[in-house]
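Residue-level structural notes
Single-letter residue listing:
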Amino acid sequence: MPEETPQSGLSDNAAGALAYVTIIPAIIFLIVEPYNKNSYIKFHSWQSIFLGIAWFAIGFINIIPILGQIIFLLGSIVLFVAWIIVLLKALKGERYKLPLIGDFAEKQ
């Protein structure tokens with residue numbers, strides 16, 4: 001029987017999905033080897049960071065009375081759905097590009 005060599009670290013799909021959990025794993029994956037050399041993980045890490053920045057910007061708009069709160073509500077729903085989509089796509093091993101945010105992530 002051939003011996004199985006133990007795999008060290010996370011699979012690419014797991015690391016890509018984990019990057020979307022919070023901004024902290026995304027930053028860690030951009031710093032720590034071997035993850036920072038993998039273009040798939042780097043893409044998902046950068047897209048997660050830019051998604052977090054977009055969510056922060058939407059939260060900042062919430063300061064504006066009524067109109068800002070409507071934009072915040074709709075924007076939060078859209079960003080939440082986008083977050084679920086990219087998380088599931090990363091788990092499947094797909095490189096799903098969000099409009100605007102995905103272009104920035106791909107250039108990094």
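Scroll up for the structure.
In this text, all values refer to a predicted model and were calculated from it rather than measured experimentally.

Conventions adopted
- Residues numbered from 1 in each chain as written.
- Predicted model: local features only at pLDDT ≥ 70, side-chain atom pairs only at ≥ 80, totals over all residues.
- Heavy atoms only, no water.
- Helix = DSSP H or I, 4+ residues; strand = E, 2+ residues; numbered from the N terminus.
- Buried < 20%, exposed > 50% of the residue type's maximum accessible area, 1.4 Å probe, protein only.
- Contact = heavy atoms within 4.5 Å.
- Areas by Shrake-Rupley, 256 points an atom, 1.4 Å probe, with all protein chains shown as cover.
- Lys, Arg positive; Asp, Glu negative; His and termini not counted.
- Charge placed at Lys NZ, Arg CZ, Asp CG, Glu CD.
- Patch = residues over 30% accessible without salt bridge, like charges linked within 9 Å, V, L, I, M, F, W, Y side chains within 5 Å.
- Salt bridge = Lys/Arg side-chain N within 4 Å of Asp/Glu carboxyl O.
- Phe/Tyr/Trp six-rings, centres within 6.5 Å; stacked < 30°, edge-to-face > 60°.
- Polar contact = N/O pair within 3.5 Å; in protein donor to acceptor, adjacent residues only side chain to side chain.

Here we look at the overall build of the protein
Each helix and strand in the protein was counted, giving five helices and zero strands. Element order for the protein, N to C, with α for helix and β for strand: α-α-α-α-α. Summarising its shape, the C-alpha atoms of the protein cover approximately 70 × 25 × 20 Å along the three principal directions. Buried residues in the protein amount to 31% of all 108 residues. Once local pairs closer than 6 in sequence are excluded, the contacts in the protein between residues at least 24 apart make up 61%. Accessible surface computed for the protein: about 7300 Å², of which carbon and sulfur atoms make up 71%. Of the side chains in the protein, 7 bear a positive and 7 a negative charge, and the two mean positions are spaced by 11 Å.

Quick notes on the side chain of His44
Along the chain, His44 falls in helix H3 (residues 39-61). You can call His44 buried: its relative accessible area is 0%. Residues in contact with His44, not counting those within four places in the same chain, are Gly16, Ala19, Tyr20, Ala90, Glu94, Arg95 and Tyr96.

Some points on a nonpolar patch on the surface
On the surface, Trp55, Leu73, Ile77, Phe80, Val81, Ile84, Ile85, Leu88, Leu91 and Tyr96 cluster together into a nonpolar patch covering about 860 Å² of accessible area. Ranked by residues supplied to the nonpolar patch, first place goes to helix H4 (residues 67-92) with eight residues. Looking at where Phe80 falls in the secondary structure, it is placed in helix H4. Since its relative accessible area comes to 44%, Phe80 is described here as partly exposed.

Overview of the packing of aromatic side chains
For the coordinates displayed, the defined rule picks out four aromatic pairs. Between Phe50 and Phe104, the aromatic rings sit 5.9 Å apart at their centres with planes inclined by 55 degrees, giving tilted as the arrangement. Taken as a pair, Phe50 in helix H3 and Phe104 in helix H5 (residues 101-107) lie far apart in primary sequence, 54 residues in all. Look at Phe104 and you get partly exposed, because its relative accessible area is 49%. Here the aromatic residues Trp46, Phe50 and Phe104 are joined through ring pairs into a cluster of three or more.

What to know about the side chain of Asn38
Here Asn38 lies in the loop between helix H2 (23-31) and H3. Among the polar contacts made by the side chain of Asn38, one reaches the side chain of Asp12 at a distance of 3.0 Å.

Here's the deal with the pattern of salt bridges
Overall, the coordinates contain three salt bridges when judged by the stated rule. The shortest N-O distance in the salt bridge between Lys89 and Glu94 comes to 3.2 Å. The exposure class of Lys89 is partly exposed, given its relative accessible area of 24%. Look at Glu94 and you get partly exposed, because its relative accessible area is 33%. Of the charged contacts, one joins Lys97 and Asp103 as a salt bridge, the two residues approaching to 2.9 Å between their closest N and O atoms. By relative accessible area, which is 35% here, Asp103 ends up partly exposed.

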